[in-house]
Amino acid sequence: MIIGVPKEIKNNENRVALTPAGAAELSKRGHTVNMQTKAGEGSGFSDEEYKNAGAKILSTAQEVFAIAEMIMKVKEPIEQEYSLIRKDQLVFTYFHFASYEPLLHAMVKTESVCLAYETVERLDGSLPLLIPMSEVAGRMSIQEGAKYLEKPLKGRGILLGGVPGVMPAKVLILGGGVVGTNAAKMAAGMGADVIITDVNINRLRYLDDVMPKNVHTMVSNEYVLRELVKTHDLIIGGVLVPGAKAPKLITRDMLKTMRPGTVLVDVAVDQGGCIETCRPTTHEDPTFIIDDVVHYCVANMPGAVPYTSTLALTNATLPYAIKLATQGWKKACAENLDLKKGLNVINGKVVYKAVADAFNTPYSDVKEFLA
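Notes on the structure in this doc start here. As the structure is a computational prediction, the values presented were derived from the model and not from experiment.

Let us now look at the packing of helix H6 (residues 131-148) against helix H7 (residues 178-189). Look at H6 against H7: their axes get within 7 Å of each other, and the N-to-C directions meet at 40°. With respect to the hand of their crossing, H6 and H7 are arranged in right-handed fashion. Taken together, the residues of H7 that come into contact with H6 (itself represented by Ile131, Ser134, Glu135, Gly138, Arg139, Ser141 and Ile142) are Val178, Val179, Asn182, Ala183, Lys185, Met186 and Ala187. Taken together, the residues of the contact of H6 with H7 sort by class into seven nonpolar, four polar and three charged.

Take a look at the structure:
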C-alpha cells in the first residue's frame, strides 16, 4: 500500500503521525511510505532519518495526498486540506466529528473512508489510540493549570502544593478515566488536595484503592458539583463519551459561584467540552476569562510536547496501520473489531451512530460496506 504522511498545519501542532521507526516497520513489509518534507521536524525527526528508514520525501502536501492510498495524520483535516482528499482514500487520524459539523459534511462530500483514532475500541471498552494522548493531556492539564493559577496570569495566586504551614490548592477532576487518572497522579505528586468525581462507583472504588491519600473520590451529580466548584482552585474536565459530544457538567451559572482566579482546564474540548463556557483555543492564545474565571481550552494539548506525544502515538497506531496497509481497510476492519469501530464515514455515508445522532444526520450500518 502507498501511505502518505503530510506535515500537520493546525496552529502550533508539532506532532507527526509516524516516527522513522514506524516508517521502517511499514517499509520492510513492502509498503511505500511518502513523507512530506519537514513533516517530522517539529517532533525532532529529520528528513534524513526518514530516508534512512526507507521512506520517500515529497515536497508538498498536494503530492502526498495525490499518490497515497492511506493518509496518516494526527489532527483532523482542516479546510485547506478538504479538497486534497479523494474518493475511496483511507484517512486514518483523530477526527472528533461530533464537535465540528462542517468537518463531517466536508468528509461526506469527499466520499473518502474516515477511520477515527478516537473511536477504535477494544471489547473491554478501552480506546487504545486515544489512551496515549489522554495520558499526555491529563498530565499536562495539571502542569498548565498550575501555571495559570499564578497571579500574573490572572489566577488565584496559589501554589498547587502549598508549603509547610500553608494549605495546598484544591483540585477537582471531572471524570475518573485515563485523563482524570493521569491528572490526579500529577496533582497528587505536586502535593495538591484532589477530588475525582465520576458516575461509575466501581471505577471510584478502584481509584480509591490505588491513589495516594491526598486523592479522594466522590460520585458525580449536579448537586455535588455545584458545591465543589465553590471551593476548588483548579477544575479539570476529563469526561468522554466515545465518538459523541461531551456532557456539559459545569454550566454558565456555576461560574458566578467560583472564586476569582479559579482555573478551568477542559481536556474534553475537542469533543465539544464538558464546561459550557469553553471554546477551543490554541497554544498561541490558550486562555480567556469569563466572570474572573480563567479558561484554558487548547484542543491539541499534546502538540506542545511533540517528541513525547509522537513516540507515544506511533507506539499505539502502528500495529493497526500495519493491518490496514497489509490487508486493506475492508478486510482489516471486517476481521478486527477494534478497527471496525473506528470507521466513522465511508463513501459519503455516516456509519458511526453517535456522530450521526450529534447532528441528526442519516446513519448507515457499517456492515453494508464490509459484506
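Turning next to the pairing of strand E10 (residues 234-237). Alternating positions in E10 separate into two faces, Leu234 and Ile236 on one and Ile235 and Gly237 on the other, with burial throughout. Pairing geometry for E10 and strand E11 (residues 263-266), over four bridges, is parallel. In the strand pairing of E11, Leu234 is matched with Val263.

It is worth spelling out unusual backbone geometry at this point. Despite not being glycine, Asp88 has its phi angle at roughly 70°, a positive value. Even without a glycine there, the phi angle at Asp292 is positive, about 65°.

Read across the sheet, eight strands follow the order E3-E2-E1-E4-E5-E6-E14-E15 without closing on themselves; strand pairing throughout is mixed. In this open sheet, the two edge strands, each paired with only one partner strand, are strand E3 (56-58) and strand E15 (349-350). In this structure, strand E2 (residues 32-36) lies alongside E3, joined through three bridges in parallel fashion. In the strand pairing of E3, Asn34 is matched with Lys56. Helix H5 (residues 101-110) rests against strand E6 (113-116), strand E14 (343-346) and E15 of the sheet, and its axis sits at about 50° to E14.

With the rule as written, the count across this model stands at zero disulfides. Between Cys114, a cysteine without a disulfide, and Cys333, which holds the nearest cysteine sulfur, the sulfur-to-sulfur distance is 12 Å. Among the residues examined, Cys114 registers a relative accessible area of 0% and is labelled buried. With relative accessibility at 0%, the residue Cys333 sits in the buried group.

On to the environment of Asp198. Positionally, Asp198 belongs in strand E8 (residues 193-198). With a relative accessible area of 14%, Asp198 lands in the buried category. Once residues lying within four places of it in the same chain are set aside, the contact partners of Asp198 are Gly175, Gly176, Gly177, Leu204, Met218, Val219 and Ser220. Within the structure, Asp198 has its side chain in polar contact with the backbone nitrogen of Asn200 (distance 2.9 Å).

We now examine the nonpolar core. Counting 77 residues, the largest nonpolar core has Met72, Phe92, Val171, Leu324 and Leu343 as its most contacted members. When residues of this core are assigned to their parent elements, the largest contribution, eight residues, is made by helix H10 (residues 306-327). Discounting chain neighbours no more than four positions away, the residues touching Phe92 are Met70, Ile71, Met72, Lys73, Leu115, Tyr117, Leu129, Thr317, Tyr320, Ala321 and Leu324. By size, the runner-up hydrophobic cluster in this structure holds 24 residues, among which are Leu225, Leu255, Met258 and Cys297.

Each value, and the rule that gives it
- Residues numbered from 1 in each chain as written.
- Predicted model: local features only at pLDDT ≥ 70, side-chain atom pairs only at ≥ 80, totals over all residues.
- Heavy atoms only, no water.
- Axes fitted to C-alpha atoms, helices over the stretch in contact; angles between N-to-C directions.
- Helix = DSSP H or I, 4+ residues; strand = E, 2+ residues; numbered from the N terminus.
- Left-handed = near helix turned anticlockwise from the far one by under 90°.
- Contact = heavy atoms within 4.5 Å.
- Nonpolar A, V, L, I, M, F, W, Y, C, P; charged D, E, K, R; others polar.
- Buried < 20%, exposed > 50% of the residue type's maximum accessible area, 1.4 Å probe, protein only.
- Pairing = 2+ DSSP bridges.
- Disulfide = S-S within 2.5 Å.
- Polar contact = N/O pair within 3.5 Å; in protein donor to acceptor, adjacent residues only side chain to side chain.
- Core = buried A, V, L, I, M, F, W, Y, C linked by side-chain atoms within 4.5 Å.

These figures come from the coordinates and say nothing about function on their own.
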